[in-house]
There are 2 protein chains.
Amino acid sequence: MKLVVIGAVAAGLSAASRARRLDKALDITVVERGETISYSACGLPYYIEGQAGSIDDLILYTPERFQAERRITVRTRARVIAIRHARREVLLEGGERVPYDRLVIATGARPASGTIQGADRPHVFTLHTLDDARRLNEFLQRQRPRQAAVIGAGYIGLEAAGALRARGVGVTVFEASSDVLGRRDPELTQRVAAWLERFRIGLRLNTPVRAIEPDRAGDFPCELVVLAAGFRPNVELAAEAGVELGATGAIRVSEQMETNLHGVYAAGDCAETIHLVTGRPVWLPLGTTANKMGRVAGASAAGMRARFPGVVGTSIVRVCGLAFATTGLSAPQARSEGFDPISARIEARDRPRYFWGEPVTVELVADRPSRRLLGGTVVGGASAAGRINVIAAALAQRMRVDEFEQLDLAYAPPYAPVWDPLLIAAQQLAKL
Amino acid sequence: MKLVVIGAVAAGLSAASRARRLDKALDITVVERGETISYSACGLPYYIEGQAGSIDDLILYTPERFQAERRITVRTRARVIAIRHARREVLLEGGERVPYDRLVIATGARPASGTIQGADRPHVFTLHTLDDARRLNEFLQRQRPRQAAVIGAGYIGLEAAGALRARGVGVTVFEASSDVLGRRDPELTQRVAAWLERFRIGLRLNTPVRAIEPDRAGDFPCELVVLAAGFRPNVELAAEAGVELGATGAIRVSEQMETNLHGVYAAGDCAETIHLVTGRPVWLPLGTTANKMGRVAGASAAGMRARFPGVVGTSIVRVCGLAFATTGLSAPQARSEGFDPISARIEARDRPRYFWGEPVTVELVADRPSRRLLGGTVVGGASAAGRINVIAAALAQRMRVDEFEQLDLAYAPPYAPVWDPLLIAAQQLAKL
C-alpha cells in the first residue's frame, strides 16, 4: 500500500508521521517542491527581529531524519504538476509518475499579492518561506533601509512591523480593511493602533496600496516593502483533479479529512474546516490547525478512524512585546452570524502588585438569550496565552457564562491574582 | 434588613460586598476577631521570601475603605462567642449582642498543631496571619537561625521551605504522610523531592514530628520551626448553634451556601463543597474558592438566586522558582474513588528552543472506560498556571480525552510550541 503526501511543511509531515505510527508496512513518500521541509513559518518574523540566532533554528527535521527515524521518503524539489486520480498517480515536473493508493494533499497556501502592481520588485518581500526571510534579512543588512511599508495588518504584518522596528527601521502598516488581525473588532483595532503608536509605528486603516514603485508604496516613500496581505489556499492542483472546493475557496473535507475523491485527503492551509462556534465552514490557515488536520488525515489514510471536529479560531500574536490573543467571535462578528451578542471588557492585573503584576485586558462575548460564550480577547503579558486557551476550551464545550464564572482556576501570588481576570470579566458579563 | 457576617478575610468580605451590590438598602456589619482584614494569607510565604517589600502590600482593604466605598461596617477585634439563632443575634465577647436577619459564617480555618508537644514554644511559627509572618520575619532578622524544620509538606510548608532557603537558612521538611501537597501522587512527590534536593532542602516523608524542644524538632537539631501541618475548619461556633457539619468536618452547605439553619449561610475555609470530579463533598480550603463561595453566600443572603457548583481541586505552588500545579485527581486517588484510571506523562518545552523554551511536564489522568478526564499535573515555568487552568476547565465540563486532544490552543513562538504540551499529553493518553 502506497501513501503519497504532497507538501512537507506542517500538515504533510504530520500526516506522514501519523500514518507511519499506525501502519508500519505502509510505503510513504512525501513530495515537496521546495528545498527545505519542516520549518516554522510562524517563526520567520521573529528571526527577522533577531530572536532566532540562525535561520536553521527554525528547521525542525531534515529529510534524512525522516528517512532514518520513520522510514518516510521525503523528496524535495519535486514539484507535482498533476494529480491523475483515475490512474492513482501524481505527475512530477520532469515527467516522473509517482503511484499512490492513498493521497494526502497538503499544498498549503501562498501570500496573496492581489492586484498590487510592482509586487515583484526586488525590494518587496513576503515572509512565507525560509528563503523569503533569509533574503529580507540580507536586504536589511546590506541596504539599511530607513523606511518600510508593511502591507497588511494581519498577524504576520504586525509581527513584521514590530520586527523591523526592532531592527531600527521606520515602519508604517497599510491595511485595506478597517480592522487589524482579520477580526472585525473596533476595540481591538483601537488597542493595537494605540500600542503601535507608542513604538512610532504608523497604522493606516482603510488604505489599500495599489502600486509599489522603487521608492514608494502608494504615496508613501520607503525603501522596503513587506507584503503580508493575507493568503490564498493552493488548491489549483486539487481542483484540476476534480477535488471539490468549499464556499471558502479552500478544499472541502469531511471530519476524517477526506475530500470528495475516495482515498484522497486534504489537510492544512489548503483545506477548510468547521468553525465550532458558528457551525459553518471556515478557512483559517494556522500552523496548529494544519498539524492537527494532518494528523487526522494521516490516520484516515492509514485506515484508522479519526476525526477533526473543527476550530474555534484561536490565535495569539506578539507585537512589540505585548500579546494580542483572540478566540471565537468578536461582538460584531457574532451579530453578523445571527447571535444577539453581549460583551464585557475588564482591565486587571495578571498577578498581585507585589509580584510585578502587569495589566491584562480581557473581553468576553456571549449570546444574550442562551448565555453561551461566543468569543474572547486577551491583551497583556505572556499569561495571555494561558488565559485565551481557557476561553478556547470553554468555546469548544459550548460553555455558558454562569458556568465559566465558577471555573476553579489556579491561584498563587506568583502566577495570578485571587480573582483571575477571566472570572472578573465573566462576572461583569453575567450582570448583562 | 440586617446582614451580619462573621469573619473579614476572603469569604466574609466577598459576601458582604456582593450583598451590598445587590441590595443597596441592606444594613451590613462584618465582625472580625483579628486586627487586620482583607489580607492575602497566600502571600505570607512570599513576604518571608522577601518578595513583598512591606507586609502592608498584602493588605487589600481597610475597614475605613469598606465603610466609605461600600457602606459596610467592619468591626475588628470583635470576637463572636455565640450564635443565638433562635433570637437571631450573635453575642460578642464583652456581652454586646448584634442582631441579624441573615447571617454569613466565614470563620475560616486555623493551623492544625495536632498532638505536637511544644508547638507553643517561642521559636515555633505558623504562617496564617499577618502577625505570624511579621513575627517570623523579626525572628529571622534578630536570631539568624541556621537550621529550620518545616513541619508539613503541603503548599504552605513547601513555600515556607523555599522562602527560608532564600533567606539563607538550612531547611528540612518533615511530612507525616508519604506524599507532598496533600495529593496521593508518588510521581509528583518524587519530582518535588528531587527539586528540593537541588536547593539542598531536605524532605523526610513518613516522618511525623511529635515533640519540639528549644533546640530540636523530633531528633532534628534546629533553632526555628515552621508549623504547616494542615488546617482545621473553625466550626465550633457554628456547631454549638446547631449548624450541621458534613462528613469532612466542615460546615455542610447547599449550592446556595445555605446551612441547615434558614437564613444562615457559610462560606470559605469553614465550609465544605462538592468535588465536581467525584461528585462528593470535599473540604479544600483555598483563597479562590473562599471568595467564590463568599460571593454566592452574599447573593443568597441578599435574596438573589446564585449557586456555587463546586471545585475540581485546582492548585498551584511555586517552590524555589518552579511551579507545581495540580487539578482533579491523581491516578491513585482516581482508583480509590472507583474509577479505572489511565494516565500519560510527557515532558516537552513550553516554547520553541529559540525562544528559551523551558521544560514542562504534563500528566493527564482519565477514566479508561468512559475516556473522561479526571485530573492533571503541570510542572514547569510560569506557563504552568495557564495550562493547569485549561485542564481545570475541561474537568468542569467532563471533557473526554478525544475532545481535549483537539482543543484549539493558541500558538505563536513567543508563547507556545506548535504542539502544545497539553495536546501532546492528550495524544499519549489517547493511545492507552
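Residues numbered from 1 in each chain as written. Chains lettered and ligands numbered in written order. Predicted model: local features only at pLDDT ≥ 70, side-chain atom pairs only at ≥ 80, totals over all residues. Heavy atoms only, no water.

> Summarise the relation of the copies chain A and chain B; cite the residues concerned and give the values.
Least-squares fitting of chain A to chain B yields an RMSD of 0.0 Å, with the superposition described by an axial translation of 0.0 Å and a rotation of 180°. The superposition operator between the copies reduces to a two-fold rotation axis. Ranked by how close their C-alpha atoms come to the rotation axis, the residues of chain A are headed by Gly-386 of chain A, at 1.8 Å. Here 100% of the interface residues in chain A have copies in chain B that are interface residues too; the copies meet face to matching face. (Least-squares fit on C-alpha atoms with pLDDT ≥ 70 in both. Contact = heavy atoms within 4.5 Å.)

> With reference to specific residues and values, describe the sheet that holds strand E14 (residues 216–217) of chain A.
All names here are of chain A. Spatially, E13-E14-E15 is the arrangement adopted by the 3 strands of the open sheet, whose pairing is antiparallel. Lying at the two open borders of the sheet, with one neighbouring strand each, are strand E13 (212–213) and strand E15 (220–221). Across 2 bridges, E13 lies against E14 in antiparallel orientation. Within E14, the position partnered with Glu-213 by the bridge is Arg-216. (Pairing = 2+ DSSP bridges. Helix = DSSP H or I, 4+ residues; strand = E, 2+ residues; numbered from the N terminus.)

> Can you break down the interface of chain A and chain B residue by residue, with the values?
Facing the 63 residues of chain A at the interface are 63 residues of chain B. Surface buried jointly by chain A and chain B totals about 5300 Å² across both partners, of which 61% is contributed by carbon and sulfur atoms. It is Tyr-354, Asp-408 and Tyr-415 of chain A that lose the most area in chain A upon contact with chain B, and together they represent 16% of the buried surface on that side. At the surface where chain A touches chain B, the tally comes to 2 salt bridges. Glu-405 of chain A is paired through a salt bridge with Arg-295 of chain B; the nearest N and O atoms lie 2.9 Å apart. Between the two partners, chain A and chain B, sit 18 residue pairs in polar contact (both at pLDDT 80 or more). Elements with a contribution of two residues or more to the side of chain A that touches chain B: helix H1 (11–22), helix H8 (287–301), strand E21 (315–319), strand E22 (322–328), helix H10 (384–396) and helix H12 (421–430) of chain A. Top contributing element to the side of chain A that touches chain B by residue count: H10 of chain A, with 8 residues. (Buried area = accessible area lost by both parts, 1.4 Å probe. Salt bridge = Lys/Arg side-chain N within 4 Å of Asp/Glu carboxyl O. Polar contact = N/O pair within 3.5 Å; in protein donor to acceptor, adjacent residues only side chain to side chain.)

> I'd like to hear about the pattern of salt bridges, residue by residue, with values.
One pass over the full model with this rule turns up 48 salt bridges over all chains. Across the salt bridge formed by Arg-75 of chain B and Glu-96 of chain B, the nearest N and O atoms sit 2.7 Å from each other. Linking Arg-75 of chain B in strand E3 (residues 73–75) with Glu-96 of chain B in the loop between strand E5 (89–92) and strand E6 (97–99), this pair joins segments that are 21 residues apart in sequence. Among the residues examined, Arg-75 of chain B registers a relative accessible area of 27% and is labelled partly exposed. Salt-bridge contacts for Arg-216 of chain B lead to Asp-215 of chain B; the nearest nitrogen and oxygen are separated by 3.5 Å. Via salt bridges that share partners, Arg-84, Arg-87 and Glu-89 of chain A belong to a single interconnected network. (Buried < 20%, exposed > 50% of the residue type's maximum accessible area, 1.4 Å probe, protein only.)

> Got a sec to walk through the packing of aromatic side chains? Specific residues and values, please.
Tallying each qualifying case throughout the model produces 14 aromatic pairs over all chains. Following the ring pairs from residue to residue traces out a cluster consisting of Tyr-46 of chain A together with Tyr-354, Phe-355 and Trp-356 of chain B. The ring of Tyr-61 of chain A is capped by Arg-70 of chain A, whose NZ or CZ atom sits 5.0 Å from the centre of that ring. (Phe/Tyr/Trp six-rings, centres within 6.5 Å; stacked < 30°, edge-to-face > 60°. Lys NZ or Arg CZ within 6 Å of the ring centre and 35° of its normal.)

> Summarise the state of the cysteines; cite the residues concerned and give the values.
Residues and elements named next belong to chain B. Counted according to the given criterion, the structure contains 0 disulfides over all chains. Of all cysteine sulfurs, the one in Cys-42 lies closest to Cys-270, which takes part in no disulfide; the gap is 16 Å. Classification of Cys-270 as buried rests on a relative accessible area of 0%. Distance from the sulfur of Cys-320, which forms no disulfide, to the nearest cysteine sulfur (Cys-222) is 18 Å. (Disulfide = S-S within 2.5 Å.)

> So what's going on with the environment of Leu-286 of chain B? Which residues, and what values?
Relative to the assigned elements, Leu-286 of chain B resides in the loop between strand E20 (281–282) and helix H8 (287–301). Separated by 105 residues in sequence, Leu-286 of chain B and Leu-181 of chain B have C-alpha atoms that sit 13 Å apart.

> Residue-level account of empty space enclosed by the protein, with values.
Evaluated as defined, the whole model comprises 7 cavities of 30 Å³ or more. The volume enclosed by the largest cavity comes to roughly 130 Å³. As for the largest cavity, its lining consists of 14 residues, of which Tyr-155, Leu-286, Ser-315 and Ile-316 of chain A together with Tyr-411 of chain B are closest to the centre. Taken together, 13 residues make up the lining of the second largest cavity; nearest its centre are Tyr-411 of chain A together with Cys-42, Tyr-155, Leu-286 and Ile-316 of chain B. A per-element tally of the lining of the second largest cavity places strand E21 (residues 315–319) of chain B first, with 3 residues. Its residues assigned to classes, the lining of the second largest cavity comprises 8 nonpolar, 4 polar and 1 charged. (1 Å grid on protein atoms, 1.4 Å probe; cavity = no way out; pocket = protein on both sides within 12 Å on 5 of 7 lines; lining within 4 Å. Points joined across faces, edges and corners; volume = space filled by probe spheres on them. Nonpolar A, V, L, I, M, F, W, Y, C, P; charged D, E, K, R; others polar.)

> So what about the sheet that holds strand E12 (residues 201–204) of chain A? Which residues, and what values?
All names here are of chain A. The 5 strands are arranged E9-E16-E10-E11-E12 in an open sheet whose pairing can be described as parallel. Here the strands that pair on one side only, and so sit at the sheet edges, are strand E9 (124–125) and E12. The sheet contact formed by strand E10 (residues 147–151) and strand E16 (residues 224–227) spans 4 bridges and is parallel. When the bridges of E16 are listed, Ala-148 appears paired with Leu-224.

> So what's going on with the nonpolar core? Residues and values would help.
Of all hydrophobic cores here, the largest spans 136 residues; its most connected members are Leu-164, Phe-324 and Phe-404 of chain A together with Phe-404 of chain B. Every residue in contact with Phe-404 of chain A, bar those within four places of it in the chain, is listed here: Leu-364, Leu-373, Val-390, Ile-391, Ala-394, Met-399, Leu-422, Leu-423 and Ala-426 of chain A. (Core = buried A, V, L, I, M, F, W, Y, C linked by side-chain atoms within 4.5 Å.)

> Which residues make up the pairing of strand E11 (residues 170–174) of chain A, and what values do they have?
Remember that side chains alternate between the two faces of the sheet whenever the strand is regular. All names here are of chain A. Counting buried positions over the 5 residues of E11 gives 5, a clear majority of the element. Side-chain alternation along E11 places Gly-170, Thr-172 and Phe-174 on one buried face and Val-171 and Val-173 on a second face that is also buried. Sheet topology places E10 next to E11; 5 bridges connect them, and they run parallel. Directly across from Val-150, in E11, lies its bridge partner Val-173. In this structure, E11 lies alongside E12, joined through 4 bridges in parallel fashion. Bridging from a neighbouring strand, Val-173 pairs with Leu-203 of E12. Considered for its hand, the β-α-β crossover made up of E11, helix H6 (residues 186–198) and E12 is right-handed. (Right-handed = clockwise from strand over helix to strand, strands pointing away.)

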